[in-house]
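Residue-level structural notes
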Amino acid sequence: MTPVTGIDFERITLRDALDLAVLIEEEARDRYREFADQLTTHATPEVADFFSRMARIEERHRAELLERRRTLFGDSPSTVDRRNIFDVEAPGYEEARAFMGVRQALETVLASEVKAHAFFNEALPRVKDLELKALFEELRDEEVDHQELVKAELARCPEKPDDSEAYADDPVAQ
Amino acid sequence: MKDLLTPNDYKSPLKPIWCPGCGDYGVLQALYRALSAVGRPPHEIAFISGIGCSSRIPGYATAYGFNTVHGRALPIAQGVKLANPDLLVIVAGGDGDGFSIGGGHVPHAIRRNVDLTYLVMDNQVYGLTKGQLSPTSPRGLKTVTSPMGSLEQPINPLLTVLAYGAGFVAQATPADMPGMTALVEEAIRYPGFSYVNIQSPCITFGEEEQQLKAHKGRMKPLASLGHDPSDQLAALDLARAYGTELYTGVFYRDPSPPPTYDALVRQRQAELQRGERRPRSRVLDDFLKP
């Protein structure tokens, strides 16, 4: 099960690779926004705020990459779109929980950064072009930086037991 | 209208209220993507549903939508398709809506072969009403309505629809998003009644071993078993493993799809307009001529 479909990494152009990177950030931004909405609806405001912050961070990364793409290639059309990518850096929908704690949320984000790193690492041997290789290495290494930031936040976050089940209703005869 | 429709073009402003972690979020995302791949604009699509968590889908899509009454999505969807055959009609619902309350409609929708795509989000419980037994609950399942364990044999939805002669039958899980998206797209493109059983677990009332994380380790793509989707008998045999094995992919695709009911109705209407057939009223007039 590959998170990217329909893209040949041996033939991908620098422009399309940048577009792919933009879309990966966009997908992560949208997922964090969805998580923030879900947890707002399900009375978990602290974690909803955290996911909103994550969405803003992913949007900043997306905007930076998009700027770079526009500087190099203007508005020339792309051959990659959102249908090509599946949860590269975005956490899977199964990761969200009502009443989850900030620590759990941080662990979810860390797992997603690890996943994104693995994606670039696995794609790299297939990339032949040197300029492209440099871009993929840069993107992969950024994921390591992000992991370090999340780990530092995790270290500051108090250990709290997972109480996401504490609010579940006990079985009651209907 | 833009040349290329993106998945977000099918998203509605209404935000889903499913429990965080619910499988239906993935199903909705797969639908948006499949629709953008098919490329039909929102005004050419209609979502019809019954009642239940998964039946909320029409509200979350930018398209025509009708959140109908419990178990009646299929008859209403058939009416919609016959009234406007140019619409792409997608029916969404749960296992209870489809195989219990609406169970009597499934065989007739299949035998008529109206060109619909029926997506059943099979979570093996009635999640919206707090986790009672549903028609696909496994025997022994403890729920609020079966505190000592279910005594009932579950319905096998895959065997059921295959036995009634559905031309396209597949199974998916949100644990495999690329696979599920491709299957939903293929089902939409199939010319006739298509059925996708989506193992979409209930995060709140479902069993631990039924959750998406467990699916990732359990699922077996039918393609990896060398299954030939045109082999109906092999499909029936594989479908028997419902509840024990989590096979994903196309069980059966009719290699020569028969004409759809909606196409036959159009044909009949054209014959009537050309005068090749006479409506009953005129036959009666002839009979009563002096």
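Side note on the overall build of chain A
- Summing up its helical and strand segments, chain A has four helices and zero strands in all.
- The linear arrangement of helices and strands in chain A, starting from the amino end, is α-α-α-α.
- Along the first, second and third principal axes, the C-alpha set of chain A runs to 60 × 35 × 30 Å.
- A total of 174 residues make up chain A; the buried ones form 48% of that total.
- Look at the contacts in chain A between residues 6 or more apart in sequence, and 82% of them connect residues 24 or more apart.
- Of the roughly 8,800 Å² that chain A leaves accessible, carbon and sulfur atoms contribute 52%.
- Here chain A carries 24 positive and 41 negative side-chain charges, and the mean point of each set is 4 Å from the other.

What about the sheet that holds strand S9 (residues 219–221) of chain B?
Residues and elements named next belong to chain B.
- Spatial ordering of the open sheet is given by S2-S1-S3-S4-S8-S7-S10-S9, a layout of eight strands whose pairing is mixed. What marks the edges here is a single partner per strand, and that holds for strand S2 (64–67) and S9. Across the sheet, the axes of successive neighbouring strands diverge by a mean angle of 20°, strand direction being ignored.
- Strand direction decides the pairing type here: strand S3 (residues 88–94) and strand S4 (residues 116–122), joined by six bridges, are parallel. Bridge pairing in S4 links Gly-93 to Val-120.

Considering the nonpolar core
- In terms of nonpolar packing, the biggest core is built from 59 residues, with Phe-51 of chain A together with Leu-35 and Ile-90 of chain B touching the most fellow members.
- Counting residues in hydrophobic clusters, the runner-up holds 32 residues, among them Leu-74, Phe-99, Tyr-118 and Phe-251 of chain B.

A look at the interface of chain B and chain A
- Of the residues lining the interface, 29 residues belong to chain B; the matching set on chain A comes to 28 residues.
- Between chain B and chain A, the buried area comes to about 2,400 Å², and carbon and sulfur atoms account for 58% of it.
- Note that Arg-33 of chain B is salt-bridged to Glu-27 of chain A, the shortest N-O span being 3.0 Å.
- Our count for the contact surface shared by chain B and chain A stands at 10 residue pairs in polar contact (both at pLDDT 80 or more).
- Sorting the residues of the side of chain B that touches chain A by element identifies helix H1 (24–38), helix H7 (177–189) and helix H8 (212–218) of chain B as the ones contributing at least two each.
- Here the side of chain B that touches chain A gets six residues from one element, more than from any other, and that element is H1 of chain B.
- In terms of residue class, the side of chain B that touches chain A is built from 15 nonpolar, eight polar and six charged.

Points about the confidence of the model for chain B
- Taken residue by residue, chain B gives an average pLDDT of 94. The fraction at 70 or more is 99%.
- Note on the complex model: pTM 0.92, ipTM 0.88.

Some points on the environment of Leu-212 of chain B
- Turning to its location among the elements, Leu-212 of chain B is positioned in helix H8.
- Judged by its relative accessible area of 4%, Leu-212 of chain B falls in the buried class.
- Not counting the four nearest positions on each side in its chain, Leu-212 of chain B is found in contact with Glu-94 of chain A together with Gly-23, Thr-173, Pro-174, Ala-175, Gln-199 and Pro-201 of chain B.

Section: the state of the cysteines
Residue and element names in this part refer to chain B.
- Tallying each qualifying case throughout the model produces zero disulfides over all chains.
- Just so you know, Cys-22 is unpaired, no disulfide at all, and the nearest cysteine sulfur is the one on Cys-53, 6.5 Å from it.
- With no disulfide of its own, Cys-202 has Cys-19 as its nearest cysteine by sulfur position, at a separation of 6.3 Å.

A look at the side chain of Thr-117 of chain B
Residue and element names in this part refer to chain B.
- Assignment of secondary structure puts Thr-117 in strand S4.
- A polar contact of 3.1 Å, which involves the side chain of Thr-117, links it to the side chain of Ser-194.
- The residues contacting Thr-117, other than those within four sequence positions of it, are Val-89, Ile-90, Val-91, Ala-187, Ile-188 and Ser-194.

Observations regarding the side chain of Glu-34 of chain A
- If you trace the backbone, Glu-34 of chain A turns up in helix H1 (residues 14–41).
- Looking at Glu-34 of chain A, the relative accessible area reads 16%, which means it is buried.
- For Glu-34 of chain A, the side chain forms a polar contact with the side chain of Tyr-93 of chain A, separated by 3.0 Å.
- Every residue in contact with Glu-34 of chain A, bar those within four places of it in the chain, is listed here: Tyr-93 of chain A together with Gln-29 of chain B.

Focus on a nonpolar patch on the surface
- Taken together, the side chains of Leu-284, Phe-287 and Leu-288 of chain B define a hydrophobic patch exposed on the protein surface, amounting to about 390 Å² of accessible area.
- Secondary-structure assignment places Leu-284 of chain B in helix H11 (residues 280–288).

Looking at the packing of H1 of chain A against helix H3 (residues 102–123) of chain A
Residue and element names in this part refer to chain A.
- Look at H1 against H3: their axes get within 13 Å of each other, and the N-to-C directions meet at 165°. The orientation of H1 with respect to H3, classified from their angle, is roughly antiparallel. Like other packed secondary-structure pairs, H1 and H3 cross with a definite hand, here right-handed. In contact with Leu-20, Ile-24 and Tyr-32 of H1, H3 contributes Val-109, Ser-112, Phe-119 and Phe-120.
- Its residues placed into classes, the contact of H1 with H3 shows six nonpolar, one polar and no charged.

Rules used in this analysis
- Residues numbered from 1 in each chain as written.
- Chains lettered and ligands numbered in written order.
- Predicted model: local features only at pLDDT ≥ 70, side-chain atom pairs only at ≥ 80, totals over all residues.
- Heavy atoms only, no water.
- Helix = DSSP H or I, 4+ residues; strand = E, 2+ residues; numbered from the N terminus.
- Buried < 20%, exposed > 50% of the residue type's maximum accessible area, 1.4 Å probe, protein only.
- Contact = heavy atoms within 4.5 Å.
- Areas by Shrake-Rupley, 256 points an atom, 1.4 Å probe, with all protein chains shown as cover.
- Lys, Arg positive; Asp, Glu negative; His and termini not counted.
- Charge placed at Lys NZ, Arg CZ, Asp CG, Glu CD.
- Pairing = 2+ DSSP bridges.
- Axes fitted to C-alpha atoms, helices over the stretch in contact; angles between N-to-C directions.
- Core = buried A, V, L, I, M, F, W, Y, C linked by side-chain atoms within 4.5 Å.
- Buried area = accessible area lost by both parts, 1.4 Å probe.
- Salt bridge = Lys/Arg side-chain N within 4 Å of Asp/Glu carboxyl O.
- Polar contact = N/O pair within 3.5 Å; in protein donor to acceptor, adjacent residues only side chain to side chain.
- Nonpolar A, V, L, I, M, F, W, Y, C, P; charged D, E, K, R; others polar.
- pLDDT = per-residue confidence, 0-100.
- Disulfide = S-S within 2.5 Å.
- Patch = residues over 30% accessible without salt bridge, like charges linked within 9 Å, V, L, I, M, F, W, Y side chains within 5 Å.
- Parallel < 35°, antiparallel > 145°, perpendicular 65-115°, else oblique.
- Left-handed = near helix turned anticlockwise from the far one by under 90°.

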